[in-house]
Amino acid sequence: MTLRPALIPTARAGWLVAGAAPVALLIGALAPGAWVIAPVIGLALVLLVLLDALLAGQVEDVSLTLPPDSEVGGDSWLNVSAQFRQGRPHQVEAALATDARLLPGGRGTVPLAATEQAGQGWRGTLHFAPNRRGTGAVERLWLRWTGPLGLGARQVSRGVAAQMRVWPNLAPVRSPAMQAFLKDAQVGLIARRMRGEGTVFEALAEYEPGMDRRRIDWKSSARHAQLYAKEFEAERNNQIVFAFDCGQAMCEPVDGLARIDRAVTAALTTAYVALKAGDRIALFGFAARPEVFTPFVTDARDFARLQSAAAALDYHAQEPNFTLALATLAGRLKRRSLVVVFSDFTDPTSAQLMIESIGRLTAKHLVLFVTMADAELDGIAAQRPGDMQDLAMAATADALLRQRALVLSRLRALGVDVIEAPHDRIGTRLIDAYLAIKRKGAIG
């Protein structure tokens, strides 16, 4: 494909013109009769720029490739390649216009280098990390290359029909640590049963020192003239619902990614463990109204359905309606379930509505509330103030932290289990909390 380039001066040419202007002014001042030299110099520079741009050659083809799928916050890449003829490009660079979920501000540049193999043209790679889920598109590509002197350049522009689907990040699920845990833990690939705790009777075993005496089966012991104890296993086939607040507070970034994306990663990691343990998983998303409610998934082989549903959770710059959302969720759950609510709050009014709605949900279901610790507020409150402004900021941050602690204590008073941890630890904390609840048989 042959593209028609535009000829443009480079920054080096601009600096050369700027340097030549005082020289022309000095000639005009010292030798007025030689004023004709100034336009001659200007014309020579223009011709030099045009000649250099022509020596840069023609571009035959420019193309862009990127993988069709990526994960939010994960390492990704795109390649730009170009083929030239009849010229000697000195420096080649591509600029991209993309969806803002792919590149910061929707803009990016890629320097291209000549390949070692003859005829392979110029290539460049841009590494990036998508910052939001959804489908991101590369909309336009500009290619600019300079001549041997670096004074003149040529530039072409073309539309690009390339898209990348950005999925939730499942790096914790694929990690060697998680796979080792699933193989060796009481739940997982070996499908062992969680004996010793729980509510479902499993078998009788000879009593050994250290066993809970309350589990001794006195009737069986009397028949066999030997002490026997009951063994229980954790109940399987529990219903677990991960409920996501997709409102304004959860869309704010923490360490480069929105809180909702951090929550989705933690939830999917725990969901994978729960599916291996034989439980049933559903996802529920809401903002001003309920957005997503999936059917219950019962097999780990259908985990991709949960991933697809989580990718559909949108970002909303509005306050969530906890009353409508949790009432809708409670009406759809026909049996006692573990409801894991991911949310955050910024003011006492919204927190009060959230507490009331979660309180009604605890009447029938077991509720686990997960929120990310606000490291920024912690840092401001703990920082030693250097002036009155710093003191005022520290006092305000301390007041907000006190309000936050009060809200969480009120949730605990309602019987809600609360997890508050840094964003990089909520996944492990959530798995630990799930396993503890399952061992106790508290869901059924």
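Scroll up for the structure.
Remember, it's a predicted structure, so these values are computed and weren't measured experimentally. (Residues numbered from 1 in each chain as written. Predicted model: local features only at pLDDT ≥ 70, side-chain atom pairs only at ≥ 80, totals over all residues. Heavy atoms only, no water.)

Participant: Any chance you could explain unusual backbone geometry here in plain terms?
Facilitator: The phi torsion of most residues other than glycine is negative, and most of the peptide bonds are trans. Residues other than glycine seldom take positive phi values, yet Asp-255 does so here, at roughly 55°. With respect to the helices, strands and loops of the structure, Asp-255 is situated in the loop between strand S13 (253-254) and strand S14 (257-258). The exposure class of Asp-255 is exposed, given its relative accessible area of 62%. (Helix = DSSP H or I, 4+ residues; strand = E, 2+ residues; numbered from the N terminus. Buried < 20%, exposed > 50% of the residue type's maximum accessible area, 1.4 Å probe, protein only.)

Participant: I would appreciate a short explanation of the environment of Ala-243 in the present structure.
Facilitator: Note on placement: Ala-243 falls in strand S12 (residues 239-245). Separated by 126 residues in sequence, Ala-243 and Phe-369 place their C-alpha atoms 9.6 Å apart. The contacts of Ala-243, once residues within four sequence positions are left out, are Phe-284, Phe-286, Leu-329, Val-339, Val-340, Val-341 and Phe-342. (Contact = heavy atoms within 4.5 Å.)

Participant: Which parts of the structure should I look at to understand the pattern of salt bridges?
Facilitator: For side chains of opposite charge, pairing can occur when their charged atoms come near one another. Scanning all chains against the criterion turns up 10 salt bridges. Close ionic contact of Asp-261 with Arg-133 constitutes a salt bridge, the shortest N to O distance being 2.5 Å. Highlighted residues: Asp-261 in helix H7 (residues 259-276) and Arg-133 in the loop between strand S7 (122-128) and strand S8 (134-146), separated in sequence by 128 residues. Looking at Arg-133, the relative accessible area reads 2%, which means it is buried. Note that Arg-404 and Asp-344 form a salt bridge whose closest N and O atoms lie 3.0 Å from each other. Within this pair, whereas Arg-404 is found in helix H12 (residues 388-413), its partner Asp-344 is found in the loop between strand S17 (338-342) and helix H10 (348-361), the two being separated by 60 residues in sequence. On the accessibility criterion, Asp-344 (9% relative accessible area) is buried. (Salt bridge = Lys/Arg side-chain N within 4 Å of Asp/Glu carboxyl O.)

Participant: Teacher, can you tell me more about the sheet that holds S12 here?
Facilitator: Strand pairs in the sheet, formed through backbone hydrogen bonds, run parallel or antiparallel to each other. Strand order in the open sheet formed by 6 strands is S16-S15-S12-S17-S18-S19, and the pairing between neighbours is mixed. Looking along the sheet, the strands with just one partner apiece sit at the ends: strand S16 (290-293) and strand S19 (417-421). Shown here is a sheet whose adjacent strand axes are inclined to one another by a mean of 15°, direction ignored. As paired elements, S12 and strand S15 (residues 280-286) share 7 bridges and run parallel to each other. Residue pairing in the sheet places Phe-244 in a bridge with Gly-285 of S15. (Pairing = 2+ DSSP bridges. Axes fitted to C-alpha atoms, helices over the stretch in contact; angles between N-to-C directions.)

Participant: Is there a simple way to explain the packing of aromatic side chains in this structure?
Facilitator: Throughout the structure, instances matching the rule amount to 8 aromatic pairs. Relative to Trp-122, the ring of Phe-84 has its centre 6.3 Å away and its plane inclined at 85°; by these criteria the two rings are edge-to-face. Separated by 38 residues along the polypeptide, Phe-84 in strand S4 (residues 76-85) and Trp-122 in strand S7 bring together distant segments of the chain. With a relative accessible area of 15%, Trp-122 lands in the buried category. Residues Phe-244 and Phe-342 carry aromatic rings whose centres are separated by 5.2 Å and whose planes lie at 10° to one another, so their mutual orientation is stacked. One end of the pair, Phe-244, is in strand S12; the other, Phe-342, is in strand S17, and 98 residues separate them in sequence. Given the relative accessible area of 1%, Phe-244 is considered buried. Take Phe-342: its relative accessible area is 1%, and that puts it in the buried class. Joined through ring pairs, the aromatic side chains of Phe-284, Phe-286, Phe-293 and Phe-322 make up one cluster. (Phe/Tyr/Trp six-rings, centres within 6.5 Å; stacked < 30°, edge-to-face > 60°.)

Coordinates in, geometry out; function isn't part of it.
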